[in-house]
Amino acid sequence: MKHMNSEVKEERTSNKKRIDLFLVPIVLIAAFLNLFKIWTDEYANAYYTAAVKSMLQSFHNFFYASFDPGGYVTIDKPPVVFWIQTISAKIFGFHGWSVILPQALAGIGSVLLLYVLVKRTFGVWAGRFAALAMALTPIVPAVSRTNNIDSMLVFTLLVATWMLFRAVRTAKFGWVLAAFAMIGVAFNMKMLQAYMVLPAFYVFYVVATKITWKKKIAFLTTATALMLAVSVSWAVVVDSTSADKRPYMGSSQTNSVLELAFGYNGINRLTGNTSVTGSSHKQPAQTQQQTASSETKQNSNSSADSSQSSNQRKSSSSQKMQAPGGGNQNGMFNTGNPGPFRLFQKGLSDQISWLLPFVIFSIVGLFAGVKFKGPYTTKQKESLFWLAWLLPVAVFFSIAGFFHQYYLIMLAPPIAAFAGAGAVALWSMYKQRNGWKSWLLPGGILTTAALQVYIMSPYVSSIGVAPIAGVGALGVILALVLAVRKERKNSVSNYLGVAAMVVLLAMPAYWAMTPIIYGGNSMLPAAGPDSSSGMGGLPSTATNSKQSGFNGMQPPGSSNGNSSSNNQMQPPSGSSNSGQMQMPGGSSNNSQMPNSFSSKSSSSKRKSGGMNAEVNKKLLNYLTKNNTAEKYLFATTDSTSAAPYIIKTGKPVMAMGGFSGSDPILTVSKLKSMIKKGEVKYFYLSGMGKGGQSDVITWIKENSKEVPSSKWQSTSSSSQQGPFGNGTLYEITLK
């Protein structure tokens, strides 16, 4: 800590030609948090893992990111991250860990990149603190331990940031083009989410470069044009290809990548409208806002009221749905209610906000005395960059109608950068007794400790009182002692500063370890004592090692003999909605979510693939034995039922309605043609995925023969009853 007052130039010179030994343990911590036990996750997010299995089989599937080996429908994201995952699986073999590995390495890479970015301007200690804060931000390892996209996205954006900083330092236009082109690559990872950093890039380049306004505008216009060209390159190729020569674009309504980018994966995230006619569109959501409030009174309602509620549900099938996290949903995925303090609400604060008060004090200190017209120092310019990244993204998550907790990783780099740069700046102001600025360090420590107590308080039953009381007490004591000793100059204050940082990072470190301690959820990753639960924080009570991901959702053909009609989905803890909600695909069952969606695994393998990824062997054997050269092993309503069989067998399984069963891919005439050509004859139908394809489902039921359940349905006691209920297997042959 005593070196933090050294000049940045001296620190940079003294460390330029040797390895920073302080960085080594930080990297090892990041490696442990991101890599340890990823080999126990057998399927990861099965929706994406099935796509990798399919992409390994042909270049056609690889290029289009086909969900199934038959090239019927794509996944709902662009292909770049899945190209990388497929290459990893090709090199290391197809495993859960091999598709997770690229994201885990990207998480470690982000820690290193942040160190490099912050160290150069703010000093080596600032770089160390920033890297450590990034490594210990709970949502960072939680996401990096899965095959979801966001960890790779953040790494790519940090590479673009490094290029932009280099462009300003060297005054070379080529680096500007490279930086914006990299954002275009990031767009082909998760579409418009990559553009969230653009305000920072534009503001920083305008403020930091010493060229004429004419050149600034020309350079930024050219760079933006290149970014847009790279962004839409894959989309233009796909949308220009005849629909009968490529898979259907999953989760779109017009079979268009651009519609997917700017609609479902774009503006709809802000507005919360992720609905389509007939059902929910990928995300579990309630089809009728009034249903939730009416069903909270279910116990006191008469049978007539219950009947009326049922009629409301049926009549609302074509209306827009309120997405979780907005309106009456009250934070379905633990995303809280929109408002200026949303990031401090339960479910979000414990993922990203542990250091936010300290960051706010750091911003005050770093910009203290800055004049609007300048001139600006290099520190102030780069601080402006991180602020222009932080604020727009924070505003988005404060008002957005729909997102998941793990999207918050987008806030991790600027928060970590300000934590590192601010620690050094506030310490310097404190040591120099710089007027009111010298109070920023004790104030930041005190308010941050207070917020951490608030964050942990809902989890007292899981973690106990001791850590909560310890952080609170130590935070108050250290802040008061630093305030009292402000006028003294001795080494004791140095140790107090180190102790304060240790206290403030202790509980984030524990939270970052919870996916390892308690088990993670690969479909909806989050950190915390309930990290293994799906849907953003449902309590986990499962003990069977096979119960993970969307635990309890039975595979096709599994049954424990219980009727699904009595199962009712529960909203997450803390939600005011106790009524019915729908799962992906718009199931109309009175289903409630099972008590647990995943669990801490007691076995060497954990199937947290967003569903119970067990395959019904009896069904598989029946389908394999009776297949008469059909292209598809069977067809089903949505990806939930199809993914485990694709992963297990590598054979084509048709998800007729895409991810959630709501994509308008099939028509009755098209299905008739496929059956006549001998492409498919078996259909597994459950309560899932009727929206958007009800005519097709009705036709299947009216023109098929039901296969007796005794021939294919498993009655193993290990099978878990799920919210989809027991499905039915149909056979259709046409001449």
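Residues numbered from 1 in each chain as written. Predicted model: local features only at pLDDT ≥ 70, side-chain atom pairs only at ≥ 80, totals over all residues. Heavy atoms only, no water.

## Quick look at the overall build of the chain
Next up, step 1: What the chain contains, in helices and strands, is 27 helices and seven strands.
Next up, step 2: Long-range contacts, defined as pairs at least 24 residues apart, comprise 75% of the intrachain contacts of the chain with a sequence gap of at least 6.
Next up, step 3: For the chain, the exposed area adds up to about 27,300 Å²; of that, 60% sits on carbon and sulfur atoms. (Helix = DSSP H or I, 4+ residues; strand = E, 2+ residues; numbered from the N terminus. Contact = heavy atoms within 4.5 Å. Areas by Shrake-Rupley, 256 points an atom, 1.4 Å probe, with all protein chains shown as cover.)

## Topic: the pairing of strand β7 (residues 728-731)
Next up, step 1: What you see with β7 is no split at all: T728 and Y730 on one side and L729 and E731 on the other are buried throughout.
Next up, step 2: Sheet topology note: the strand β5 (residues 682-685)/β7 ladder contains four bridges and is antiparallel. Among the inter-strand pairings, Y682 is bridged to a residue of β7, identified as E731.
Next up, step 3: Where strand β6 (residues 705-706) lies against β7, two bridges are found, and the strand directions are antiparallel. In the sheet register, K705 faces β7, and the bridge partner there is E731. (Buried < 20%, exposed > 50% of the residue type's maximum accessible area, 1.4 Å probe, protein only. Pairing = 2+ DSSP bridges.)

## Looking at a nonpolar patch on the surface
Next up, step 1: Taken together, the side chains of I19, L21, V24 and L28 define a hydrophobic patch exposed on the protein surface, amounting to about 440 Å² of accessible area.
Next up, step 2: With respect to the secondary-structure elements, L21 resides in the loop between α1 (8-15) and α2 (23-35). (Patch = residues over 30% accessible without salt bridge, like charges linked within 9 Å, V, L, I, M, F, W, Y side chains within 5 Å. Salt bridge = Lys/Arg side-chain N within 4 Å of Asp/Glu carboxyl O.)

## Concerning the sheet that holds strand β4 (residues 654-655)
Backbone-to-backbone hydrogen bonds pair the strands of a sheet. The strands run either parallel or antiparallel.
Next up, step 1: One open sheet accounts for five strands, arranged β4-β3-β5-β7-β6; its pairing is mixed. The open sheet is flanked by β4 and β6, the only strands paired with a single partner.
Next up, step 2: Running at roughly 5° to β7, helix α24 (residues 617-626) makes contact with β5 and β7 of the sheet.
Next up, step 3: Sheet strands touched by helix α27 (residues 694-702): β5 and β7. Its angle to β5, the strand with the most contacts, is close to 120°. (Axes fitted to C-alpha atoms, helices over the stretch in contact; angles between N-to-C directions.)

## Remarks on the nonpolar core
Next up, step 1: By size, the foremost hydrophobic cluster in this structure holds 198 residues, and its most contacted members are F67, F397, L411, M656, F683 and I700.
Next up, step 2: Sorting elements by how many residues they give to this core places helix α19 (residues 412-431) first, with 14 residues.
Next up, step 3: Residue-level mapping places this core at the junction of two domains, with at least three residues from each of domain 1 (22-239 + 337-518) and domain 2 (617-731).
Next up, step 4: Contact partners of F683, with chain neighbours within four places excluded, come to A635, M656, L671, I675, I700, T728, L729, Y730 and I732. (Core = buried A, V, L, I, M, F, W, Y, C linked by side-chain atoms within 4.5 Å. Domains from an automatic or database assignment.)

## Topic: unusual backbone geometry
Next up, step 1: For M191, which is not glycine, the phi dihedral falls at a positive 55°.
Next up, step 2: In this structure, M191 sits in the loop between α10 (173-190) and α11 (198-208).
Next up, step 3: Among the residues examined, M191 registers a relative accessible area of 1% and is labelled buried.
Next up, step 4: The phi torsion at N255 lies on the positive side, around 60°, for a residue other than glycine.
Next up, step 5: On the secondary structure map, N255 appears in the loop between α12 (213-240) and α13 (257-271).

## Let's talk about the pairing of β5
Next up, step 1: Alternating residues of β5 divide into Y682 and Y684 and F683 and L685, and every residue in both groups is buried.
Next up, step 2: Bridge analysis of strand β3 (residues 635-636) against β5 gives two bridges, and the strand direction is parallel. Bridge pairing in β5 places T636 opposite Y684.

## Things to note about the pattern of salt bridges
Next up, step 1: Under the definition given, this model contains four salt bridges.
Next up, step 2: The salt bridge involving D20 is made with R128; its shortest N-O contact spans 2.9 Å. One end of the pair, D20, is in the loop between α1 and α2; the other, R128, is in helix α7 (residues 124-136), with 108 residues separating them in the sequence.
Next up, step 3: A relative accessible area of 5% means that D20 is categorised as buried.

## Digging into the packing of helix α9 (residues 150-170) against helix α18 (residues 378-399)
Next up, step 1: Running from N to C, α9 and α18 cross one another at 150°; their axes reach a closest spacing of 13 Å. In this view, α9 runs roughly antiparallel relative to α18, as classed from their interaxial angle. You can see that α9 and α18 cross each other, and the crossing is right-handed. Residue-level inspection shows L157, L158, T161, L164 and F165 of α9 in contact with α18, the latter providing E382, F385, W386 and W389.
Next up, step 2: Residue composition of the contact of α9 with α18, grouped by class: seven nonpolar, one polar and one charged. (Parallel < 35°, antiparallel > 145°, perpendicular 65-115°, else oblique. Left-handed = near helix turned anticlockwise from the far one by under 90°. Nonpolar A, V, L, I, M, F, W, Y, C, P; charged D, E, K, R; others polar.)

## Remarks on the confidence of the model for the chain
Next up, step 1: Mean pLDDT over the chain stands at 82; residues scoring 70 or higher make up 75%.
Next up, step 2: Every residue in residues 717-725 is under pLDDT 50, and counting partners more than four places away or in other chains gives 40 contacts. (pLDDT = per-residue confidence, 0-100.)

## Some remarks on α13
Next up, step 1: When the terminal C-alpha atoms of α13 are compared, their 20 Å separation across 15 residues agrees well with the 21 Å that a helix rising 1.5 Å per residue should span.
Next up, step 2: The inward-facing, buried residues of α13 abut α10, α12 and α18.
Next up, step 3: Of the residues flanking the start of α13, the one acting as N-cap is S256, its side-chain oxygen 3.3 Å from the backbone nitrogen of L258. (Expected span 1.5 Å × (residues − 1). Polar contact = N/O pair within 3.5 Å; in protein donor to acceptor, adjacent residues only side chain to side chain.)

## A closer look at the side chain of D76
Next up, step 1: Position of D76 relative to the elements: it lies in the loop between α4 (59-64) and α5 (80-92).
Next up, step 2: Under the relative-accessibility criterion, D76 is labelled buried at 0%.
Next up, step 3: A distance of 3.5 Å separates the side chain of D76 from the side chain of K77, its partner in a polar contact.

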